[in-house]
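# Report on the structure
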Amino acid sequence: TCPSQNQPPPFSLLGHAPILVFGDSFAAARLPAVLFGVASIWALFLLGRRVAGTREALLTCVLMTFSFHHVWFSQNARGYSGLLFFSTLSTWLWIEATSRGTLRHWVLYAGSVWLGIWIHMTMVFVVAAHGLVYLTWFAWRDVSARAVANGSLDAGWPWKPLVAWLFAATVVLQVHALPLPQFLREALHEVSLESEWVSPLWVLTETVRRLGDAGLASLALLGGVVVALAGFASYLRRDWREALLLAVPGVLGGVTMLALGHNLWPRFFFFCMGFALLIAVRGLMVVPDWILARVNPAASQKLAVALGTAICLAGAGLSALTLPRSYLPKQDFSGARRYVDEVRQPGDEAVAVGLASYAYRRQYAPDWPIVERLEDLEAIQDRHQRVWLIYTLPVHMKAYLPDMWDVIQRDYDVVRVFPGTLGDGAVTVCRWRGKARAPQPGGGR
């Protein structure tokens, strides 16, 4: 089944396998993400060594290894670390296949594209970047002719990519054949209601928030923009194809989501993490060289390389300090459930609303009543003197359940908040103030 865009069926099957083998546990559910996360570092090294050399490849891998976001998504029981792996691997295979032209590389490339789309549809933005480079070769035949002459482009480039894409598309259609009608009928027509999540500013502020101190994070973000521009310019001067392969997927993804009015969650851009780190490391290597060349022209290039290396390693060290936070609960649903069980009295009712209701209904409290509409909550309030209510992600509540959100703000008191590492994903426990008692005759109570 594929009733929503949040339900890629193939990864659900892949995630189910460890549960069958090891039992129903968080560790089993997260195992595929962990394995893909580790493998993505290997894929990044292959790509980095090909486009930037061994030193920059190793530095990029170190930064990814100690990245909070990489560790976080490698623990998250969803397909994003798999998408990162296949995005990185397929780009390396594209470069190898177009330059060497061997059957083995083209078969591996087609398989990587297929598996990437199998994991998550966002992989199409990576393939689109490859297609853009392909079309550019067609537009400038003299450029492709020179590339063939110097050995950086296989002589069979006009037809081999087409065969690889045709093969990948055929297999993708086969593995998606059963849920595809439902996806086209239901999931494809999902609408993102007006909320903070559709704003690019929200993505920026959320990224800054996750980096820690707002002032330092903002300064780091500004410096990161300068470094990224320098790194991209360096790639562009060295090889325009590599520059496009690294930058275009993220740009296409962002533009497409904006055009569709889709929610802009940071996870949509996680597949570009390896590309972004390669550009950042290149920037950290060329910026010191540029500064030293103007401050002290006599300084050797080795000094600039050493300085850039030191900055990268220092950045990895600072990033490592954030890693303990990534091992806190993503969303502490179980802690909130235990608390409610401890404080509720006989006759009290406990409910979860919004996205929290899905988690509790399916995993944490299947015995709790189902509350999907305001009428359901009001019916429970009519039958009980005290109601405990749990919600999460206020942005979703405000956009998708505004009437219920207004009632919660008006009639409920927040008694406990269970923080988590998911942005805006703290689990909030509220208590209903209870039924108002009718005034007694004569002004008594």
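On a predicted model such as this, the values are computed, not experimentally measured, just so you know. The residue numbering used here restarts from 1 in each chain and proceeds along that chain's sequence as written. Per-residue local features of the predicted model are confined to residues with pLDDT of at least 70, and side-chain atom pairs are confined, for both listing and counting, to 80 or more; whole-chain, interface and lining totals are unaffected and use all residues. Side-chain calculation: all heavy atoms of the structure are included, whereas hydrogens and water are not.

### Quick word on empty space enclosed by the protein
Put simply, the rule reads: Think of a 1 Å grid over just the protein atoms. A cavity is a set of points where a 1.4 Å probe fits yet cannot get out, a pocket is an open set with protein on both sides within 12 Å along at least five of seven lines, and lining residues have an atom within 4 Å of a point. Grid points are joined across faces, edges and corners, and a volume is the space filled by probe spheres set on the points. Strands are runs of DSSP state E lasting at least 2 residues, helices are runs of H or I lasting at least 4, and numbering of each runs from the N terminus. For this classification, the nonpolar set comprises Ala, Val, Leu, Ile, Met, Phe, Trp, Tyr, Cys and Pro, the charged set comprises Asp, Glu, Lys and Arg, and every other residue, Gly included, is treated as polar.
Per the counting criterion, the structure on display carries 1 cavity of 30 Å³ or more. Its boundaries defined by the atoms lining it, the largest cavity holds a volume of some 60 Å³. Considering the residues around the largest cavity, the lining is formed by V351, A352, S357, Y360, R361, A365, W368, P369, I370 and V371. Looking at the lining of the largest cavity, the elements with two or more residues in it are strand 1 (349-352) and helix 18 (355-364). The element that contributes the greatest number of residues to the lining of the largest cavity is helix 18, accounting for 3 residues. Looking at the lining of the largest cavity residue by residue, the class counts come to 8 nonpolar, 1 polar and 1 charged.

### Focus on helix 7 (residues 123-139)
Operational definition: To estimate the expected span of a helix, count its residues, drop one, and scale the result by 1.5 Å. Each residue is assigned to one of three classes by its accessible area relative to the maximum for its type, calculated with a 1.4 Å probe on protein chains only: buried under 20%, partly exposed between the two thresholds, exposed over 50%. In this description, contact between two residues means that some pair of their heavy atoms is separated by no more than 4.5 Å.
The end-to-end C-alpha distance of helix 7 is 25 Å, a good match for the 24 Å that 17 residues give at a rise of 1.5 Å each. Turning to helix 7, its buried residues are M123, F125, V126, V127, A129, H130, G131, V133, Y134, T136 and W137. In this structure, the buried residues of helix 7 make contact with helix 5 (80-100), helix 6 (103-119), helix 8 (141-149), helix 9 (160-175) and helix 13 (240-260).

### As for the sheet that holds strand 1
Under the convention used in this document: At least two bridges found by DSSP between two strands are what make those strands a pair. Fitted lines through C-alpha atoms serve as axes, helices being fitted only where they are in contact, and the angles separating the N-to-C directions of these axes extend from 0 to 180 degrees.
Read from one edge to the other, the open sheet built from 4 strands follows the order 1-2-4-3, with strand pairing classed as mixed. A strand with exactly one partner marks an edge of an open sheet, and here the two such strands are strand 1 and strand 3 (412-418). Strand after strand, the sheet turns through a mean of 25° between neighbouring axes, direction not considered. Both strand 2 (residues 387-391) and strand 4 (residues 427-432) contribute to a ladder of 4 bridges, which runs antiparallel.

### Regarding the packing of helix 3 (residues 54-65) against helix 15 (residues 301-320)
What counts here: Working rule for angles: under 35 degrees goes down as roughly parallel, over 145 as roughly antiparallel, 65 to 115 as roughly perpendicular, anything else as oblique. Left-handed describes a crossing whose near helix is turned anticlockwise from the far helix through less than a right angle; right-handed describes the clockwise counterpart.
One way to put it is that helix 3 packs onto helix 15 with a least axis distance of 9 Å and a crossing angle of 15°. One element, helix 3, and the other, helix 15, form an angle in the roughly parallel class. Viewed along their axes, helix 3 and helix 15 form a crossing whose handedness is left-handed. Every residue of helix 15 that contacts helix 3 at R55, L59, V62 and L63 is listed here: V305, T309, C312, L313, G315 and A316. Considered class by class, the residues forming the contact of helix 3 with helix 15 number 7 nonpolar, 2 polar and 1 charged.

### Focus on the nonpolar core
For clarity, the threshold we go by: Among buried residues, those of type Ala, Val, Leu, Ile, Met, Phe, Trp, Tyr and Cys that are joined through side-chain atoms within 4.5 Å constitute a nonpolar core.
Membership of the largest hydrophobic core comes to 66 residues, with the highest contact counts inside it found for L47, W94, Y109 and Y235. It is helix 5 that provides the largest number of residues to this core, a total of 11 residues. With near-sequence residues (within four places) excluded, Y109 lies in contact with S90, L93, W94, V127, H130, A164 and W165. With 18 residues, the next largest nonpolar core counts V353, L401, V407 and Y412 among its residues.

### Details of unusual backbone geometry
At L393, a position not held by glycine, the phi torsion is positive, near 50°. Among the secondary structure elements, L393 is positioned in the loop between strand 2 and helix 20 (394-400).

### Quick notes on the pattern of salt bridges
The test is simple: Any Lys or Arg side-chain nitrogen located within 4 Å of an Asp or Glu carboxyl oxygen qualifies as a salt bridge.
Under the criterion given, the structure shown has 13 salt bridges. With its nearest N and O atoms 3.7 Å apart, the salt bridge here joins R146 to D142. With R146 and D142 both in helix 8 and 4 residues apart, this pair spans about one turn of that helix. Judged by its relative accessible area of 43%, D142 falls in the partly exposed class. The salt bridge partner of R344 is E349, with a shortest N-O separation of 3.7 Å. Take R344: its relative accessible area is 24%, and that puts it in the partly exposed class.

### A few points about the side chain of T98
This is how it is decided: N or O atoms within 3.5 Å of each other form a polar contact, as long as, within protein, one can give a hydrogen and the other can take it, and as long as residues adjacent in sequence are counted only when both atoms are side-chain atoms.
Its place among the elements puts T98 in helix 5. Residue classification places T98 among the buried positions, given a relative accessible area of 5%. A polar contact of 3.2 Å, which involves the side chain of T98, links it to the backbone oxygen of I95. In contact with T98, other than residues within four places in its own chain, are W106, W137, S152, L153 and D154.

### Some points on a nonpolar patch on the surface
Heads up, the condition is: Residues form patches when they are more than 30% accessible in relative terms and have no salt bridge. Like charges link within 9 Å. Nonpolar side chains (Val, Leu, Ile, Met, Phe, Trp, Tyr) link within 5 Å. Computed with the Shrake-Rupley method and a 1.4 Å probe, the accessible areas treat only the protein chains shown as cover for residues.
A cluster of nonpolar side chains, namely L20, V21 and F22, defines an oily patch on the protein surface of about 380 Å² accessible area. Position of L20 among the secondary structure elements: in helix 1 (residues 9-22).

### Focus: the pairing of strand 1
Both faces of strand 1 are covered, namely the face carrying E349 and V351 and the face carrying A350 and A352. As defined by bridge partners, strand 1 adjoins strand 2 across 4 bridges and the pair is classed as parallel. Bridge pairing in strand 2 links A352 to I390.

### Notes on the environment of D376
For D376, the position within the fold is in helix 19 (residues 374-383). Looking at D376, its side chain comes within polar contact range of the main-chain nitrogen of E372, at 3.1 Å.

### Considering the pairing of strand 4
For a regular strand, the rule is simple: side chains alternate between the two faces of the sheet. Burial analysis of strand 4 places 5 of its 6 residues in the buried class, which makes it a mostly covered element. The pairing of strand 3 with strand 4 spans 6 bridges and is classified as antiparallel. Residue F418 lies in a different strand from strand 4, and its bridge partner there is V427.

### What about the environment of E242?
Along the chain, E242 falls in helix 13. On a C-alpha basis, the gap between E242 and R50 in space is 9.9 Å, while along the polypeptide they are 192 residues apart.

### Observations concerning the confidence of the model for the protein
Threshold: pLDDT expresses, on a scale from 0 to 100, how confident the predictor is about each individual residue.
For the protein, per-residue confidence averages 87 on the pLDDT scale, and 89% of positions sit at 70 or higher. Mean pLDDT per element in the protein: helix 11 (residues 200-211) is the minimum at 58, and helix 3 is the maximum at 97. Confidence over residues 437-445 falls short of pLDDT 50; this stretch has 2 contacts with residues more than four positions distant or in other chains.

### As for a negative patch on the surface
Definition in use: Counted as positive: Lys and Arg. Counted as negative: Asp and Glu, with His and the chain ends omitted from the count. Every charge is mapped to an atom, namely NZ of Lys, CZ of Arg, CG of Asp or CD of Glu.
On the surface, E375, E378, D382, D403 and D406 cluster together to form a negatively charged patch. Elements represented by at least two residues in the negative patch include exactly helix 19 and helix 21 (402-411). You can see D382 is positioned in helix 19. A relative accessible area of 59% means that D382 is categorised as exposed.

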